[in-house]
Amino acid sequence: MKRLNGSGETTEKTAYKCQKCRDSGYYEIEKDGYTYSRECECGKIQRDRLAGRLRFATIPKEFEGQTVDNFQTDCYSTSQSRELAKLAKHLAKQYIEQFQEIKETGKGFYFHSGVKGSGKTRLAVSIANDIITRYMVGAKFATTIQILDQIKSTWGENSRERNAGEPVNEHRLIDDIISVPVLVIDDIGVEKPKDWINERFYNILNGRMIEKRITIFTSNYRIGELQLDDRIVNRIEKMALPIEFPAESIRSAIARKENSDLLDRLLGK
Ligand SMILES: Nc1ncnc2c1ncn2[C@@H]1O[C@H](COP(=O)(O)OP(=O)(O)OP(=O)(O)O)[C@@H](O)[C@H]1O
Ligand SMILES: [Mg+2]
Ligand SMILES: [Zn+2]
């Protein structure tokens, strides 16, 4: 979209997320009379590469457009829950503000609560959303089950069919998962502990830890309660700041509200 700026010249500034490469992923430099093409630091090329190979969503449909700012803290019923939610939101906001410096440390979050539906996934995804829009960093979302399913789908002779087109081998898939700059691993702890699962998680998390990639975990278990290998648990401790979520289900509260609205409507109130 072309428009006039203050001094009267046309500008295409608002049309691109990255002005440097105009969202093409490459920009040109002139040197010694030659023109060279360079991969842009905004990471467009890397994002496209990953988008093509990893089946996981960038952001699940249910949470599209959700931001940390519109994460509510007054919907919890007890003051203790509201305080926990406020603290989690405050930390998330500060994390995004200071993301450029924090990302060098490789530290993410570990959101946990024994109660389901308390907002863990909602806030984790909101952080990813905000980081994508504000810093244009590539982010992905996957439940542990999706990660394990995609790994399993690379096994066996017909993996080529199941991954449409390019055959995906397990090593490359794991390398891809390691290289996602920001990864939300949702619901860690639901998987049944098995040797092959421990081994894959170890490879993924160890790789991400060494490369200082940001991982945000959600779980119904505290880190110490996870039924995974100690060496995995140790790595999670190193990679993420544990944050307790309220022991209260907003999912149930929303369901109750929806049902009562529906009832009112049906009764013509
Ligand atoms: N603080 C909040 N503000 C707005 N909506 C919320 C909030 N917390 C939860 N919700 C909504 O409630 C539903 C459940 O939240 P969410 O999926 O984040 O829970 P969870 O803690 O990840 O649950 P589970 O343990 O089952 O994975 C979602 O639809 C979410 O959008
Ligand atoms: Mg969840
Ligand atoms: Zn760019």
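A. Spatial organisation of the overall build of the protein chain. Broken down by element type, the protein chain carries ten helices and nine strands. Taken over 269 residues, the protein chain has a buried fraction of 43%. By sequence separation, contacts in the protein chain at least 24 residues apart represent 71% of the contacts at least 6 residues apart. Put simply, the protein chain shows about 15500 Å² of open surface, and 49% of that area lies on carbon and sulfur atoms.

B. Structural detail: the coordination of the zinc ion (ligand 3). Cys 18 (SG), Cys 21 (SG), Cys 40 (SG) and Cys 42 (SG) make up the full set of protein donors to the zinc ion (ligand 3), lying at 2.2 to 2.3 Å. Geometry at the zinc ion (ligand 3) is tetrahedral, judged from its four donor atoms and the angles of 102 to 114° they form at the metal. Spacing between the donor residues of the zinc ion (ligand 3) along their common chain follows C-x2-C-x18-C-x1-C. Highlighted residues: Cys 18 in the loop between β2 (10-11) and β3 (26-31) and Cys 42 in the loop between β4 (34-39) and α1 (44-53), separated in sequence by 24 residues. The exposure class assigned to Cys 42 is buried, which follows from its relative accessible area of 13%.

C. Quick peek at the confidence of the model for the protein chain. Of the residues in the protein chain, 87% have a pLDDT of 70 or more, and the chain-wide mean is 87. Considering only residues more than four positions removed or in separate chains, one finds that residues 1-12, a stretch of pLDDT under 50, has 17 contacts.

D. Region of interest: the packing of helix α8 (residues 195-210) against helix α9 (residues 230-239). Contact geometry for α8 and α9: axes closest at 9 Å, N-to-C directions at 30°. One finds that α8 runs roughly parallel with respect to α9. Between α8 and α9 the crossing geometry is left-handed. The segment α8 lies against α9, with Asn 198, Phe 201, Tyr 202, Leu 205, Asn 206, Arg 208 and Met 209 engaging Arg 231, Ile 232, Arg 235, Ile 236, Lys 238 and Met 239. When the residues that make up the contact of α8 with α9 are grouped by side-chain class, the tally is seven nonpolar, two polar and four charged.

E. Spotlight on the sheet that holds strand β8 (residues 214-219). Pairing within the open sheet is parallel, and its five strands lie in the order β6-β7-β8-β5-β9. Every interior strand has two partners, whereas the edge strands, β6 (139-143) and β9 (240-244), have only one. Taking each pair of neighbouring strands and ignoring which way they run, the sheet shows an average axis angle of 15°. Across the face of the sheet, α9 comes into contact with β5 (108-112), β8 and β9 while running at roughly 85° to β9.

F. Focus on helix α7 (residues 170-179). Taking burial as the measure, the ten residues of α7 include seven buried ones, the bulk of the element. Those residues of α7 that fall on the buried side of the exposure criterion are Glu 170, Leu 173, Ile 174, Asp 176, Ile 177, Ile 178 and Ser 179. With a side-chain oxygen lying 2.9 Å from the backbone nitrogen of His 171, the N-terminal cap of α7 falls on Asn 169.

G. Spotlight on the site of ligand 1. Looking at ligand 1, there are 18 residues lining it, with Gln 72, Gly 117, Lys 120, Thr 121 and Arg 122 nearest. Grouping the constituent residues of the shell around ligand 1 by class yields six nonpolar, six polar and six charged.

H. Up close: the side chain of Thr 73. Relative to the helices and strands, Thr 73 is located in the loop between α1 and α2 (79-97). Taking the relative accessible area as the measure of exposure, Thr 73 reaches 16% and is therefore buried.

Thresholds, definitions, all that
Residues numbered from 1 in each chain as written. Chains lettered and ligands numbered in written order. Predicted model: local features only at pLDDT ≥ 70, side-chain atom pairs only at ≥ 80, totals over all residues. Heavy atoms only, no water. Helix = DSSP H or I, 4+ residues; strand = E, 2+ residues; numbered from the N terminus. Buried < 20%, exposed > 50% of the residue type's maximum accessible area, 1.4 Å probe, protein only. Contact = heavy atoms within 4.5 Å. Areas by Shrake-Rupley, 256 points an atom, 1.4 Å probe, with all protein chains shown as cover. Donors = N, O, S within 2.8 Å, 3.2 Å for Na, K, Ca; no water. Tetrahedral: all angles 85-135°; square planar, octahedral: opposite > 155°, others 65-115°. pLDDT = per-residue confidence, 0-100. Axes fitted to C-alpha atoms, helices over the stretch in contact; angles between N-to-C directions. Parallel < 35°, antiparallel > 145°, perpendicular 65-115°, else oblique. Left-handed = near helix turned anticlockwise from the far one by under 90°. Nonpolar A, V, L, I, M, F, W, Y, C, P; charged D, E, K, R; others polar. Pairing = 2+ DSSP bridges. Polar contact = N/O pair within 3.5 Å; in protein donor to acceptor, adjacent residues only side chain to side chain. Near = heavy atom within 4 Å.

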